[in-house]
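Reading the structure
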Amino acid sequence: MLAENYRIIQQLGAKRPRRFGEIYLAESIHTSQKVILKVVNKLKCDSIAVERLRNESSFSFTSEGLPSTLDFSEDASIAYLVRESFDGETIDNYWNKLRRKEQLPFLILFLKKLDDLLSELNTQKIVHCDIKPGNILVSGSSNEIKISLIDFGLALKTDALEERKMLFPLGYAAPELVLNHLEIVDHRTDYFAVGVLIWRLFAGKMPLIHPNPSVF
């Protein structure tokens, strides 16, 4: 079914084997629509990867800047998810191309637009839980930017919590994620990560960075 419906254009992300499966830019054979294709080989990846893919498939949106699920399928050996594709580049790459005098005006506009997306999630009682540069795409000129928030594999609904293994973005996670106290996760969890993101943009590195991950 996968090969019958989608043609892979290129692999995205690192070329080395990924713990949570592979990600591709693909094209629908029937409509020519560009899509994001995420594939998990159950024979090579653990059950967490499949659970994460299933979880992401359940978060589908109609608002601009938030992705919709176009297709999800699973059998004994493979699971794949097809999501809406957004133009743009990651926030850190976009930031690094700005001149110093452009950075603060851009940041103010960026935060207003990101707040619109996070407010929409809060209205739906959804917390993204994986705010980091690679999951925020920016497109357009500095005065007319568009913001897209992607990768909802760690997202959760605060009114329908389920137990899950501890997963969090190292360095960006609020204490409640690090300690796996999901019962107190709310919209402030994402804003904590936004604060760390702003620090990294200006400092060029993470706060309290340490080469030992457990110390970090």
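Notes on the structure follow. A quick note: this is a predicted structure, and the numbers were derived from the prediction, not measured.

Each value, and the rule that gives it
For every chain, the first residue of the written sequence is number 1, and numbering continues from 1 onward in sequence order. Local features in this predicted model are restricted to residues whose pLDDT is 70 or higher, and side-chain atom pairs enter the listing and the counts only when it is 80 or higher, whereas totals over whole chains, interfaces and linings include all residues. As a rule here, side-chain values come from all non-hydrogen atoms in the structure, and water together with hydrogens is ignored. The pairing criterion for strands is at least two bridges between them, as found by DSSP. Numbering goes from the N terminus for both helices and strands, where a helix is a DSSP run of H or I of at least four residues and a strand is a run of E of at least two. Note on contacts: a residue pair is in contact if any heavy atoms of the two residues lie within 4.5 Å. Throughout, an axis means a line fitted to C-alpha atoms (over the contacting stretch in the case of helices), and angles, computed between N-to-C directions, take values from 0 to 180 degrees. Working definition: rings of Phe, Tyr and Trp (its six-membered ring) pair if their centres are within 6.5 Å, and the pair is stacked with planes under 30 degrees apart, edge-to-face with planes over 60 apart, and tilted otherwise. Helix span, expected: 1.5 Å multiplied by one less than the number of residues in the helix. We call a residue buried when its accessible area falls under 20% of the maximum for its residue type, exposed when it is over 50%, and partly exposed in between, using a 1.4 Å probe and counting protein chains only. Arc definition: directions from the helix axis to the C-beta atoms. Side-chain atoms within 4.5 Å link the members of a nonpolar core, which is a set of buried Ala, Val, Leu, Ile, Met, Phe, Trp, Tyr and Cys residues. Polar contact is the term for a pair of N or O atoms within 3.5 Å; when the atoms are in protein, one must be able to donate a hydrogen and the other to accept it, and sequence-neighboring residues count only if both atoms are side-chain atoms.

**Quick word on the sheet that holds strand S9 (residues 146-149)**
The strand order across the open sheet built from three strands is S6-S8-S9, with neighbouring strands paired in antiparallel fashion. Every other strand in the sheet has two partners, leaving strand S6 (89-90) and S9 as the edge strands with one partner each. Pairing between S6 and strand S8 (residues 136-139): two bridges, direction antiparallel. Along S8, the bridge assignment pairs Thr 90 with Leu 137. On top of the sheet, helix H4 (residues 100-123) reaches S8 and S9; it is set at about 40° to S9, its chief contact.

**Brief notes about the packing of aromatic side chains**
Within the structure shown, the criterion is met by seven aromatic pairs. Ring centres 5.0 Å apart and planes at 75° place the aromatic pair Trp 95 and Phe 202 in the edge-to-face group. Highlighted residues: Trp 95 in helix H3 (residues 91-96) and Phe 202 in helix H6 (residues 187-203), separated in sequence by 107 residues.

**Here's the deal with H6**
In a regular helix each residue adds 1.5 Å, so 17 residues correspond to 24 Å; H6 covers 25 Å between its end C-alpha atoms and thus fits that length. Taken together, the buried positions of H6 are Thr 189, Asp 190, Ala 193, Val 194, Val 196, Leu 197 and Leu 201. Take H6 and look down its axis: the buried residues cluster within an arc of 165°, on one side only. Buried residues belonging to H6 abut H3, H4, strand S7 (126-127), S8 and helix H5 (175-178). Count one or two residues on from H6 and you reach Gly 204, which has phi positive near 80°.

**Quick look at the nonpolar core**
By size, the foremost hydrophobic cluster in this structure holds 30 residues, and its most contacted members are Phe 106, Phe 110, Ile 136 and Leu 149. Elements supplying a minimum of two residues to this core: H3, H4, S8, S9 and H6. Once residues within four sequence positions are removed from consideration, Phe 106 is found in contact with Ile 91, Tyr 94, Trp 95, Leu 98, Val 138 and Ile 145. Grouped together as the second largest cluster of nonpolar side chains are 10 residues, Ile 48, Leu 156, Leu 167 and Leu 177 included.

**Overview of the pairing of strand S3 (residues 34-41)**
Among the eight residues that make up S3, six are buried, leaving the element largely enclosed by the rest of the structure. Across six bridges, the pairing between strand S2 (residues 22-28) and S3 is antiparallel. Within the sheet, the bridge partner assigned to Ala 26 lies in S3 and is Val 35. Turn length for the S2-S3 hairpin, with the two strands adjacent in sequence and antiparallel, is five residues, and the turn residue Ser 32 shows positive phi of about 65°. Pairing of S3 with strand S5 (residues 78-84) involves seven bridges; the strand directions are antiparallel.

**So, the environment of Glu 22**
By the secondary structure assignment, Glu 22 is in strand S2. For the pair Glu 22 and Leu 12, spaced 10 residues apart in sequence, the C-alpha to C-alpha distance is 7.9 Å. At a separation of 2.7 Å, a polar atom in the side chain of Glu 22 contacts the side chain of Gln 11.

**Details of the pairing of S2**
With seven of seven residues buried, S2 lies mostly within the body of the structure. Neither face of S2 is open: one carries Glu 22, Tyr 24, Ala 26 and Ser 28, the other Ile 23, Leu 25 and Glu 27, and all of them are buried. Across six bridges, strand S1 (residues 6-12) lies against S2 in antiparallel orientation. Within S2, the residue paired with Ile 8 across the bridge is Ala 26.

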